[in-house]
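These are the residues of each chain, in order.
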Number of protein chains: 2
Amino acid sequence: MEIFEHDLLSGAWSPEEVRDRCADLGLRINLFQPFRDLDSRDPERFAANLERARHKFDLMRRLGVDLMLVCSSVAPDAVAAPQQLAAQLRSMGEVAQEHGARIAYEALAWGTHVDDYRVAARAALDADHPAVGTCLDSFHILSRGIDPAGILEIPGELIFFLQLADAPRLAMDVLPWSRHYRCFPGQGGLDVPGVALNALLAGYEGPLSLEVFNDIFRQAPARQTARDAHRSLLHLQDRMRRRLAARRASGVRASAHELDRVESLLLPIPPAPTPRGLAFVELDDESGGPLAALVDAVGFARAKDAEDATAWVHEDVWIATRPVDADVARVSGLGVRVPDPARAAARAAQLGCELISVEALGQPLQAVDAPDGTRVTFCPAELPAHPPAGVGVPGLLGIDHVALTQPWHEFDGATLFWTAVGGLDSLPSNDVADPYGLVRSQAMTSCGREVAVVLNVQPRRAQEHGAPVRDGTQHIAFQTDDIVAMADHLQRQGVPLLHVGDNYYEDLQALYAFADEDVERWRSRAVLVDEVGAGRYLQLFTQTVGGVFLEFVQRVDGYAGFGARNAPFRLAAQARADVRS
Amino acid sequence: MEIFEHDLLSGAWSPEEVRDRCADLGLRINLFQPFRDLDSRDPERFAANLERARHKFDLMRRLGVDLMLVCSSVAPDAVAAPQQLAAQLRSMGEVAQEHGARIAYEALAWGTHVDDYRVAARAALDADHPAVGTCLDSFHILSRGIDPAGILEIPGELIFFLQLADAPRLAMDVLPWSRHYRCFPGQGGLDVPGVALNALLAGYEGPLSLEVFNDIFRQAPARQTARDAHRSLLHLQDRMRRRLAARRASGVRASAHELDRVESLLLPIPPAPTPRGLAFVELDDESGGPLAALVDAVGFARAKDAEDATAWVHEDVWIATRPVDADVARVSGLGVRVPDPARAAARAAQLGCELISVEALGQPLQAVDAPDGTRVTFCPAELPAHPPAGVGVPGLLGIDHVALTQPWHEFDGATLFWTAVGGLDSLPSNDVADPYGLVRSQAMTSCGREVAVVLNVQPRRAQEHGAPVRDGTQHIAFQTDDIVAMADHLQRQGVPLLHVGDNYYEDLQALYAFADEDVERWRSRAVLVDEVGAGRYLQLFTQTVGGVFLEFVQRVDGYAGFGARNAPFRLAAQARADVRS
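What you see is a predicted model; the values in this text were computed from it and never measured. (Residues numbered from 1 in each chain as written. Chains lettered and ligands numbered in written order. Predicted model: local features only at pLDDT ≥ 70, side-chain atom pairs only at ≥ 80, totals over all residues. Heavy atoms only, no water.)

### Points about the overall build of chain A
Counting its secondary structure elements, chain A contains 18 helices and 24 strands. By principal-axis analysis of the C-alpha atoms, chain A measures approximately 85 × 50 × 50 Å. Here chain A holds 581 residues, and the buried ones make up 57% of them. Considering only contacts in chain A between residues 6 or more positions apart, those separated by 24 or more positions represent 72%. Total accessible area on chain A stands at roughly 23,200 Å², and carbon and sulfur atoms take up 50% of it. Charged side chains in chain A number 55 positive and 79 negative. The centres of these two groups are separated by 3 Å. (Helix = DSSP H or I, 4+ residues; strand = E, 2+ residues; numbered from the N terminus. Buried < 20%, exposed > 50% of the residue type's maximum accessible area, 1.4 Å probe, protein only. Contact = heavy atoms within 4.5 Å. Areas by Shrake-Rupley, 256 points an atom, 1.4 Å probe, with all protein chains shown as cover. Lys, Arg positive; Asp, Glu negative; His and termini not counted. Charge placed at Lys NZ, Arg CZ, Asp CG, Glu CD.)

### Quick look at the sheet that holds strand S14 (residues 363–369) of chain A
Residue and element names in this part refer to chain A. The sheet built from eight strands is open, its strands ordered S9-S10-S11-S8-S12-S15-S14-S13 with mixed pairing. Pairing within the sheet leaves two strands with one partner each, and these edge strands are strand S9 (301–305) and strand S13 (356–360). Averaged over all neighbouring strand pairs, the angle between strand axes comes to 30°, with direction disregarded. Of the strands in this sheet, strand S8 (277–285), S9, strand S10 (310–314) and strand S11 (317–323) touch helix H12 (residues 290–298), which is tilted by about 135° from S8. Helix H13 (residues 341–350) rests against strand S12 (330–338), S14 and strand S15 (375–380) of the sheet, and its axis sits at about 150° to S15. (Pairing = 2+ DSSP bridges. Axes fitted to C-alpha atoms, helices over the stretch in contact; angles between N-to-C directions.)

### Observations concerning the relation of the copies chain B and chain A
It takes a turn of 180° to lay chain B on chain A, together with a shift of 0.0 Å along the axis; the resulting RMSD is 0.0 Å. The superposition operator between the copies reduces to a two-fold rotation axis. Taking C-alpha positions as reference, the residue of chain B nearest the rotation axis is Met172 of chain B, located at 1.9 Å. Here 98% of the interface residues in chain B have copies in chain A that are interface residues too; the copies meet face to matching face. (Least-squares fit on C-alpha atoms with pLDDT ≥ 70 in both.)

### Observations regarding the interface of chain B and chain A
Each partner contributes residues to the interface: chain B has 53 residues there, and chain A has 52 residues. Together, the buried faces of chain B and chain A total about 4,200 Å²; carbon and sulfur atoms form 56% of this surface. It is Arg218, Arg460 and Asn503 of chain B in chain B that bury the most area against chain A; as a group they hold 18% of the surface buried on that side. For the interface between chain B and chain A, the tally reads four salt bridges. For Arg62 of chain A, the salt bridge goes to Glu506 of chain B, with nearest N and O atoms at 2.9 Å. For the pair chain B and chain A, the number of links is 12 residue pairs in polar contact (both at pLDDT 80 or more). For the side of chain B that touches chain A, the secondary structure elements donating two or more residues are helix H1 (5–10), helix H3 (43–63), helix H7 (174–181), helix H9 (215–219), strand S18 (430–434), strand S19 (437–445), helix H16 (502–512) and helix H18 (567–580) of chain B. Classifying every residue of the side of chain B that touches chain A gives 26 nonpolar, 12 polar and 15 charged. (Buried area = accessible area lost by both parts, 1.4 Å probe. Salt bridge = Lys/Arg side-chain N within 4 Å of Asp/Glu carboxyl O. Polar contact = N/O pair within 3.5 Å; in protein donor to acceptor, adjacent residues only side chain to side chain. Nonpolar A, V, L, I, M, F, W, Y, C, P; charged D, E, K, R; others polar.)

### Structural notes on the packing of aromatic side chains
This structure, assessed with the given rule, holds 24 aromatic pairs over all chains. Measuring from centroid to centroid gives 5.3 Å for Phe417 of chain B and Trp418 of chain B, while their planes differ by 90°, and the two rings are edge-to-face. Accessibility assignment for this pair places Phe417 of chain B and Trp418 of chain B in one class, buried. Look at Tyr504 of chain B and Tyr505 of chain B: their rings are 4.9 Å apart centre to centre, the planes differ by 85°, and that puts the pair in the edge-to-face class. Looking at Tyr504 of chain B, the relative accessible area reads 1%, which means it is buried. The exposure class assigned to Tyr505 of chain B is buried, which follows from its relative accessible area of 4%. Members of the aromatic cluster, each reached through a chain of ring pairs, are Phe300, Phe478 and Phe552 of chain A. Its end group placed over the ring of Phe160 of chain B, Arg102 of chain B keeps NZ or CZ at 4.5 Å from the ring centre. It is Arg570 of chain B that lies over the ring of Phe541 of chain B; its NZ or CZ is 5.7 Å from the centre. (Phe/Tyr/Trp six-rings, centres within 6.5 Å; stacked < 30°, edge-to-face > 60°. Lys NZ or Arg CZ within 6 Å of the ring centre and 35° of its normal.)

### Some words on the nonpolar core
In terms of nonpolar packing, the biggest core is built from 161 residues, with Phe57 and Met92 of chain A together with Phe57 and Met92 of chain B touching the most fellow members. Excluding residues within four positions of it along the chain, Phe57 of chain B makes contact with Met68, Met92, Val95, Ala96, His99, Ala101 and Ile103 of chain B. (Core = buried A, V, L, I, M, F, W, Y, C linked by side-chain atoms within 4.5 Å.)

### Some points on helix H12 (residues 290–298) of chain B
Residues and elements named next belong to chain B. Looking at H12, one finds that the buried residues are Leu291, Ala292, Leu294, Val295 and Val298. Down the axis of H12, the smallest arc covering the buried residues is 160°, so these residues share one side. Check the buried side of H12 and you find it contacts strand S8 (277–285), strand S10 (310–314), strand S11 (317–323), helix H15 (483–492) and strand S24 (548–556). (Arc of directions from axis to C-beta.)

### A look at the pairing of S19 of chain B
Residue and element names in this part refer to chain B. When you tally the buried positions in S19, you get eight out of nine residues, the bulk of the element. Bridge analysis of strand S17 (residues 425–426) against S19 gives two bridges, and the strand direction is antiparallel. Opposite Asp425, over in S19, you have Thr445 as the bridge partner. From the end of S18 to the start of S19, which pair antiparallel, there are two residues. Relative to strand S20 (residues 452–457), S19 is paired through six bridges, and the arrangement is antiparallel. In the sheet register, Ala443 faces S20, and the bridge partner there is Val454. The loop that links S19 with its antiparallel partner S20 comprises six residues; one of these, Arg449, has a positive phi angle of about 70°.

This is the structure in structure tokens:
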């Protein structure tokens, strides 16, 4: 572990007590950080800074840690001349050595003169002192768009430490971005495996350290953060192994021996599953069974009808409801078809998930709980065909996607779960305007779109707000090959649909210059339309029952999204329906 | 009012119903917005865009609004050549005129080619069509640091509309800054009065329209947002009048006649009060009176002891507690000395505050409630001296500041209240690290520091978090001329103090190179130290009682802050005390 000085200073434990507690827990303290603004053009201030450092080396000795992180200076008096900087680092190295310690010099992305890891490494090299090395930090490198290939040029023994952090791509200055939005590798959009792999190829063999500053992580339970940190590190090594395999194939810049050496440093875990589709969706139903009634009305054929559960089937898609005492109906479980369920479960267990034995699809299977509590069951990719149990739903092709509402502090944990455990990839995320705030929305899909899950975080609502809270709204979207026929079928069946209002359709005409009769066909059937390029998306929604509604979508000519353009209209109509009900 | 098209499209009411409802409410619709991406280098697309515009002019006729906002294009095919842009705006003007409408062309700060109000105004002028004018938006001008002086060069009759928004100074791209962080004039850091005043001096006489996109406003109750919008507009006009007076004095660029004309457009309100100090602090106490016991222990002399309230006095500072049934003790009221209490109350009433008649300091006074519920009483600046009621607290100079915890959605409303109603100014805001998240902290002071209020918003806490919630922690800070003597006095009195731990003091020595005996003098008395330049701040805290603690501070050599450096240490120690209790 690293000790961030501020945590020690804020704490009640003496350095010796922290050292002993770490030893009791089997933890080694690898780094003490940060030491700021070391170098100075003012010799008197530099001398004072060395004096300050002596205090900290004494403190480190009491903690039992011998490596200090020295950040590039952000002070206006920072040294600009490379030779002077190297000389000051060398002086610091001498002081460190007197105390049996070493320093790792790091370029902050916002350092006054040193903001590039290549410059920092050069200064550490020129310091030419055994107690002076460099520290690499993936955020400081990638946030500024600096090519990580230069890491391969750094002598491995000069890389004293490696800090890893991911981050979402945000349009803001690096300093607030770094201080508030870092996240664990795999939760953001930076190529962290590339940086880590290059460090290992250069010869670094020390710890992979997570250095993450994140407002939401501060607010979240520590156990959840620890779970995700551990999961992230294992998943990172998995990604590095895949990257190594690609390098092996391309033969760029590394011998087989080198690649073998690096691979031997990585913890092996089973590869991520490649989901082939959803086998089933389980729903918690409210008393009186309103969701069961909705599924019946849609026309799914009942395949099981027991006191504790009702199940329907349509070709190879199963839906099940379970009556519970909850206030709000919700999606409680998903069955994911994967080529090797046992291997997927073994990987999940290694990634810190508790395995749960379940009976599903008439066979014993293994499941895990996602961070939001949704139970995910690993099902075989190929399932025995189920005999048609009735007429079924005309034109229904299967499940298109499932939308799950996430607790606000579990968003990053959920994307990591669905990536590392579920084998999905993140699409670019959206903020969707709800009448009461912004919904943060993240679609995640398998490579061939066989499985798609949309994770939504509802906006926080002021308690004084009059409108009812709909924090639990989730939905299942089914794909159809004819949305108009589906709408007619649902209307015949008496399924209540959600209408967004006529203004939407007038705008549709202005926007896309559709023929009047097309617009009227959609308007009268509550069908919403989106177009991106040549692709078209047609969608309709049932009214919300408990906390769940059903969606039906028709994808035309390769439309790949999820109707983000229409989501605000849907949310506004749902809010109106809530106020009425 | 403006109609933002998306709101209309999301709504269930037809344009005619919206028009009629506005008429019923006595509202006029001044603007329909936005029309995006009008101009195009592709003649076919431009023709399609005009067709799209025809739909919208029809819609506007049904709404009863004749002015459309046209934003500069953000599309890659946007017109770059000024003459072509003017020609296309002229064509649009012709279409508008056919529909009895006009367009106001506005430069978005992130427009492809037009991102400067001067360029947009030039294009509108060159269009040379009576239905084509420009729209000014303070955010788009000030966020890019463009000099608003150029507004004075625009012919007044060309300025069809004026949109006003403030924003905090943030280090991010203008687009997300604009979409998520705009706020009402007076709540941010932009010179909105300067833009508005220049528009009026140029000859604009239309509405002052607030165009604010803000994530928290979306989540907040509409009534609160309306209250702040109204307050902001009145306060803005007050600031514009003060600016006019300054111009009149300097005589720059405007004749007295012009200044008179502009002044006549502004609604007059009484000037903001200039607070001279706090007269009293009222506290809600828990059952058993723990806060009263704390005030007694500090040594304040009891001046009143009734069943419904206890009061203490020290020179001209009064403290009162009132037993309530609340779980958590809190600061419930402040008495603010102002030169003309009746005028301050009249201004508050005009700014939308409800006036409350109270009996305080032995006389009838008027009070208002701040957004967080704290009752603010306007007291005379000069109060009769109170005979010494006992020994009192040695070395106590008066109240330094009071810290109030704000509901998360009232932060901007609270800064506006304390500025517009309370006559305070905002200092730069801080984020302070608490063990469970970041505390957003905003200090506000009167011009001569006679009154200082610190507004804090606690971080949201995950419900699963084990630690207790301390959302209500507030404090009163008293100034002393000798912190060491005060600490000794408090220790003699048995007042329990908050200790941050020895690590803090070791760092203090490393940081400032203080003499050992100084550090030991502070450490043994739980005194914290901050230095900025030549100034020094010494502070100590009592343990928290209910939701309130007391602070004592000594300011040396002009230290002007509030010990932000030490706040995280205090918060960590308080969190530890919470866990223990």
